[in-house]
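A closer look at the structure
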Amino acid sequence: RTAEPEKQAKLDPKRVAQFSMQIPAQDSLQINIDHNNLSGTVPDLSSLANLKSFYINNNRINGTLPAAPPSLQASFSGLCPNPLTQTPAPAWDTATGVTPWYSGCTDEIFGNGFE
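Model, not experiment: these values are computed from the prediction.

Sheet topology places strand β1 (residues 29-32) next to strand β3 (residues 51-55); four bridges connect them, and they run parallel. Its bridge partner lying in β3, L29 is registered against L51. Looking at chain direction, β3 and strand β5 (residues 77-78) are connected through two bridges and run parallel. Within β5, the position partnered with F54 by the bridge is S77.

Turning to the sheet that holds β5, a few remarks are in order. Spatially, three strands are ordered β1-β3-β5 in an open sheet, and the strand pairing comes out parallel. Looking at the sheet topology across the chains shown, the edges are occupied by β1 and β5.

Let us look at the state of the cysteines. Under the criterion given, the structure shown has one disulfide. A disulfide bridge connects C80 with C105, and the sulfur atoms are separated by 1.7 Å. Given an S-S torsion of about -75 degrees, the disulfide between C80 and C105 has left-handed geometry. In this pair, C80 sits in the loop between β5 and α1 (90-96) while C105 sits in the segment after α1, placing the two residues 25 residues apart along the sequence. No difference in accessibility class separates C80 from C105, as the two residues are buried.

Criteria and thresholds
- Residues numbered from 1 in each chain as written.
- Predicted model: local features only at pLDDT ≥ 70, side-chain atom pairs only at ≥ 80, totals over all residues.
- Heavy atoms only, no water.
- Pairing = 2+ DSSP bridges.
- Helix = DSSP H or I, 4+ residues; strand = E, 2+ residues; numbered from the N terminus.
- Disulfide = S-S within 2.5 Å.
- Buried < 20%, exposed > 50% of the residue type's maximum accessible area, 1.4 Å probe, protein only.

Fair warning: the whole summary comes from geometry, so function is off the table for now.
Okay, here's the thing in structure tokens:
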């Protein structure tokens, strides 16, 4: 019996406007949707008890982040740049390896105010 080739979804950044997730239970789960020109908010992640990494960086995702699942591995997530609400969250600091996690979330070319 021959194994079926793994199917991968291709996202066209010019056509993708928003995303939503419905993810079945997994033993170990990694979400990597970075660099896809996605917009919208991050849904509640509390049901993803086995989420190990979460990469949503380099999109147009906004709003307030939900609580980080405790299963996230330290320094195995990327959230910025995205126009997210900059709210202190030590669990996301740990998950991204960046303190504060939002220090790289800016839409400006010169984040320090220079024009």
